[in-house]
Amino acid sequence: LEEVEEIKKLDSVKKIHPNKEVRAILNESVEMINAHVLWGGGITGEGSVVGIIDTGIDYGHPALGSCTTEEFLSGTCEKVIGGYDFVGNDRDPMDDHYHGTHCAGIVAGNGGGITGVAPDAKLYAYKVLGSTGSGSTFNIARAIERSMDPNQDGDYSDHLDVISLSLGGGGNPDDMTSIALDVAMDNGVVAVVAAGNNGPGERTISSPGTSRKAITVGAVCKPYEIGVNPRCPNAIATFSSRGPVIYGSETINKPDIVAPGVNILSSYLGGGLKYASGTSMATPHVAG
């Protein structure tokens, strides 16, 4: 401390800052939704399975199990325990984009520098979007259907607990993917879906966020970003799609809930970490 005081006196020193240890973690956004309070009560996602319907998952990431392809295909991975590639029509839903891996880390990452909302939950990877981040509504509907019967034996009792869909496009409450989510909800699968990034205008909710029964998620900012970040003039992120959904004579109030979605740090391809923003990042907070 004496040396610090002496250094402060030097004309060339304007200010001294402490050198603190920092870690790349999801603690800011996780604490915003009070997930850490549940951890203290022993609620960590253990025993639950969440399906990520997205670009796949990099199951080799240290936050997501550090599995090899051989281990995944043999069903011996401890974190990503199943899935399917609906784009390539094969059993290997390895992510070749990043988006699904980022969302998976928010839900259940545990290691590699991050701790997700439900760090002890297991994951299924349903790859419906390709390397460009786009895909078809048909494959999305197929994945939603698969989440109700993962082993395709006609018995829905082994359905996934939750599915998280950070994707969307044009549509309405009666389109194929919105109806598929309604059916999933009726069969015990909690469906959580992004509102879309078409804000700040009203009536801009993307499908299948237009689903009548699914939980549609908008994005909010971290408190210290409000009034500072151009995306955060107030608590709601500017890009976050707004409701309501007007369909004929029907008015559906959406989104159902909001969660942190600006500058969220999570897992990236090849073992790295990446900041990303969108209702895509808010959605897995709620799924977790």
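Let me sum up the structure you'll find in this document. Just so you know, these numbers come straight off a predicted model, no measurement behind them.

**Things to note about helix α8 (residues 279-287)**
Each turn of an α-helix holds 3.6 residues, which means side chains three or four residues apart point in the same direction. Among the 9 residues that make up α8, 8 are buried, leaving the element largely enclosed by the rest of the structure. Within the sequence span of α8, burial applies to Thr 279, Ser 280, Met 281, Ala 282, Thr 283, Pro 284, His 285 and Ala 287.

**Brief notes about the sheet that holds strand β7 (residues 190-194)**
Within a sheet, each strand pairs with its neighbour through backbone hydrogen bonds, oriented either parallel or antiparallel. Taken in spatial order, the 7 strands line up as β2-β5-β1-β6-β7-β8-β11 in an open sheet, and their pairing is parallel. Edge positions in the open sheet fall to β2 (80-85) and β11 (257-260), since each of these has one partner strand only. Within the sheet, the average angular offset between the axes of one strand and its neighbour, ignoring direction, is 25°. Across 4 bridges, the pairing between strand β8 (residues 215-220) and β11 is parallel. By the bridge assignment, Val 220 is partnered in β11 with Pro 260. Where helix α7 (residues 176-186) meets the sheet, its contacts fall on β6 (162-165) and β7, and the angle it forms with β7 comes to roughly 150°.

**Observations concerning the pattern of salt bridges**
Applying the stated criterion across every chain, the model contains 8 salt bridges. The residue Lys 8 makes a salt bridge to Glu 5 at a minimum N-O spacing of 3.5 Å. In this pair, Lys 8 and Glu 5 both sit in helix α1 (residues 2-8), 3 residues apart, roughly one turn of the helix. Judged by its relative accessible area of 46%, Lys 8 is partly exposed. The salt bridge involving Asp 256 is made with Lys 254; its shortest N-O contact spans 2.8 Å. Relative accessible area serves as the criterion here: at 6%, Lys 254 is assigned to the buried category. Connected via shared salt-bridge partners are Asp 174, Arg 212 and Glu 250.

Cut-offs and rules
- Residues numbered from 1 in each chain as written.
- Predicted model: local features only at pLDDT ≥ 70, side-chain atom pairs only at ≥ 80, totals over all residues.
- Heavy atoms only, no water.
- Buried < 20%, exposed > 50% of the residue type's maximum accessible area, 1.4 Å probe, protein only.
- Helix = DSSP H or I, 4+ residues; strand = E, 2+ residues; numbered from the N terminus.
- Pairing = 2+ DSSP bridges.
- Axes fitted to C-alpha atoms, helices over the stretch in contact; angles between N-to-C directions.
- Contact = heavy atoms within 4.5 Å.
- Salt bridge = Lys/Arg side-chain N within 4 Å of Asp/Glu carboxyl O.

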